[in-house]
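Here are the chains, one letter per residue:
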Amino acid sequence: NIDNASVNHDIQILNYPNPFNSHTNIIFFIKKKSHVSITIYNSLGKTIKDVDYGYRNEGYNIISIDNFNEPSGIYFLKFTVSDINNVIKIIHLK
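Residues numbered from 1 in each chain as written. Predicted model: local features only at pLDDT ≥ 70, side-chain atom pairs only at ≥ 80, totals over all residues. Heavy atoms only, no water.

Novice: Summarise the overall build of the chain; cite the residues concerned and give the values.
Specialist: Within the chain, the regular secondary structure consists of 0 helices and 8 strands. Starting at the N terminus and ending at the C terminus, the chain contains elements arranged as β-β-β-β-β-β-β-β. Scored against the burial criterion, the 94 residues of the chain give a buried share of 35%. Considering only contacts within the chain whose residues lie at least 6 apart along the sequence, 54% involve residues at least 24 apart. Carbon together with sulfur atoms contributes 50% to the accessible area of the chain, which is approximately 5500 Å² in total. (Helix = DSSP H or I, 4+ residues; strand = E, 2+ residues; numbered from the N terminus. Buried < 20%, exposed > 50% of the residue type's maximum accessible area, 1.4 Å probe, protein only. Contact = heavy atoms within 4.5 Å. Areas by Shrake-Rupley, 256 points an atom, 1.4 Å probe, with all protein chains shown as cover.)

Novice: Please provide a residue-by-residue account of the nonpolar core, values included.
Specialist: Among the nonpolar cores identified, the biggest contains 18 residues, and I26, F28, L77 and F79 are the most heavily contacted of them. Mapped onto this core, the elements with two or more residues apiece are strand 2 (11–16), strand 3 (24–30), strand 4 (34–41), strand 6 (59–65), strand 7 (73–81) and strand 8 (84–92). Sequence-distant contacts of F28, that is, excluding residues within four places in its chain, are made with Q12, I13, V36, R56, G59, Y60, N61, I62, I63 and F79. (Core = buried A, V, L, I, M, F, W, Y, C linked by side-chain atoms within 4.5 Å.)

Novice: Explain the environment of I90 to me, and be specific about the residues and the numbers.
Specialist: Relative to the helices and strands, I90 resides in strand 8. Taking C-alpha positions, I90 is 5.9 Å from F76, a pair spaced 14 residues apart along the chain.

Novice: I'd love a proper account of the pairing of strand 5 (residues 47–56), names of residues and values included.
Specialist: Strand direction decides the pairing type here: strand 4 and strand 5, joined by 7 bridges, are antiparallel. Bridge assignment links I38 to a residue of strand 5, and that residue is V51. Between strand 4 and strand 5, which pair antiparallel and follow one another directly, the connecting turn spans 5 residues, one of which, G45, has a positive phi of 90°. (Pairing = 2+ DSSP bridges.)

Novice: How would you explain the sheet that holds strand 7 if you had to name every residue and give the values?
Specialist: The strand order across the open sheet built from 4 strands is 5-4-7-8, with neighbouring strands paired in antiparallel fashion. Every other strand in the sheet has two partners, leaving strand 5 and strand 8 as the edge strands with one partner each. In this sheet, neighbouring strand axes are inclined to one another by 20° on average, regardless of whether the strands run parallel or antiparallel. (Axes fitted to C-alpha atoms, helices over the stretch in contact; angles between N-to-C directions.)

Novice: Before we move on, could you go through a nonpolar patch on the surface and cite the residues and values that matter?
Specialist: On the surface, a nonpolar cluster with roughly 250 Å² of combined accessible area is contributed by I74, F76 and V87. In this fold, V87 is placed in strand 8. (Patch = residues over 30% accessible without salt bridge, like charges linked within 9 Å, V, L, I, M, F, W, Y side chains within 5 Å. Salt bridge = Lys/Arg side-chain N within 4 Å of Asp/Glu carboxyl O.)

Novice: Now, about the packing of aromatic side chains: what can you tell me, with residues and values included?
Specialist: The tally for this structure, following the rule as stated, stands at 4 aromatic pairs. A ring pair is formed by F68 and Y75, whose centres lie 5.2 Å apart and whose planes are at 90°; its orientation type is edge-to-face. For the residue pair F68 and Y75, the accessibility class agrees, reading buried in each case. (Phe/Tyr/Trp six-rings, centres within 6.5 Å; stacked < 30°, edge-to-face > 60°.)

So this is what it looks like as structure tokens:
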């Protein structure tokens, strides 16, 4: 969904499907090989998941989030590439 995509000069990111049940894909484009990590927060700001994915190659990449067993609701996914942060809203429905 392009409404939930985040774009800046070096990164494009979105998740699909959104809303999702227990699985979603984080699809992103980076211009150069970079270190990637994600942190997912609930609506109260509590960290739910924090994962370091190491270095990813330039171009399009996909990261899968599986077995997301949190309650239904709105979550925020902070996507970090090197020293650049993007945040997108993700919706979890059980």
